[in-house]
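Below, each chain spelled out in residue letters.
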Amino acid sequence: MSIYNEVRSQVETLTPDEQLQLLEELAALVRQRVKTQSQDENGSPKHPGPDLERWFGFLPKRVDPLEFQLKLRREEWDKEWHE
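Residues numbered from 1 in each chain as written. Predicted model: local features only at pLDDT ≥ 70, side-chain atom pairs only at ≥ 80, totals over all residues. Heavy atoms only, no water.

What the protein chain contains, in helices and strands, is three helices and zero strands. Put simply, the protein chain runs from its N terminus to its C terminus through helices and strands in the order α-α-α. Within the protein chain, the fraction of its 83 residues that count as buried is 5%. Only carbon and sulfur atoms are counted for the fraction: they give 57% of the accessible area of the protein chain, which is about 7700 Å². (Helix = DSSP H or I, 4+ residues; strand = E, 2+ residues; numbered from the N terminus. Buried < 20%, exposed > 50% of the residue type's maximum accessible area, 1.4 Å probe, protein only. Areas by Shrake-Rupley, 256 points an atom, 1.4 Å probe, with all protein chains shown as cover.)

Rendered as structure tokens:
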């Protein structure tokens with residue numbers, strides 16, 4: 001778990017924009033891994049073609065992207081305001 005703690009502390013030094021970018025990339029990575037595992041279980045090819053999903057964002061369909069963005073900004077504003 002020491003690597004996890006080291007990475008987490010490094011992430012805390014990133015700007016909010018860099019943290020969001022990292023979050024998007026990690027979500028795409030995990031989503032691709034889950035997709036690959038489910039395809040392996042179903043007997044489908046492991047790499048079906050170009051990875052187009054990563055261009056569609058990281059939010060689940062049930063979340064409104066604009067509302068999510070506004071919420072993040074409000075939280076960051078509140079955090080900076082109260083410090």
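The rest of the description comes next.
The next thing to look at is the pattern of salt bridges. Using the criterion set out here, one finds three salt bridges in the structure. The closest approach of N and O atoms between Glu12 and Arg8, which form a salt bridge, is 2.6 Å. One end of the pair is Glu12 and the other is Arg8, both in helix α1 (residues 2–12) and four residues apart, which spans about a single turn. Take Glu12: its relative accessible area is 51%, and that puts it in the exposed class. The partner of Arg74 in a salt bridge is Glu67, with the nearest N and O atoms 3.1 Å apart. Among the residues examined, Glu67 registers a relative accessible area of 41% and is labelled partly exposed. (Salt bridge = Lys/Arg side-chain N within 4 Å of Asp/Glu carboxyl O.)

Roughly 400 Å³ of internal volume is contained in the largest pocket. As for the largest pocket, its lining consists of 15 residues, of which Pro16, Gln19, Leu20, Leu72 and Glu76 are closest to the centre. Where the lining of the largest pocket is concerned, the elements lending two or more residues are α2 (16–42) and α3 (65–82). (1 Å grid on protein atoms, 1.4 Å probe; cavity = no way out; pocket = protein on both sides within 12 Å on 5 of 7 lines; lining within 4 Å. Points joined across faces, edges and corners; volume = space filled by probe spheres on them.)

To continue, consider the confidence of the model for the protein chain. Overall, the prediction assigns the protein chain a mean pLDDT of 76, with 67% of residues at 70 or greater. Confidence, expressed as mean pLDDT per element, reaches its minimum in the protein chain at α3 with 79 and its maximum at α1 with 88. (pLDDT = per-residue confidence, 0-100.)

Along the chain, Leu72 turns up in helix α3. The class of Leu72 is partly exposed, set by a relative accessible area of 23%. Residues Leu72 and Pro16, spaced 56 residues apart in sequence, show a C-alpha to C-alpha distance of 9.4 Å.

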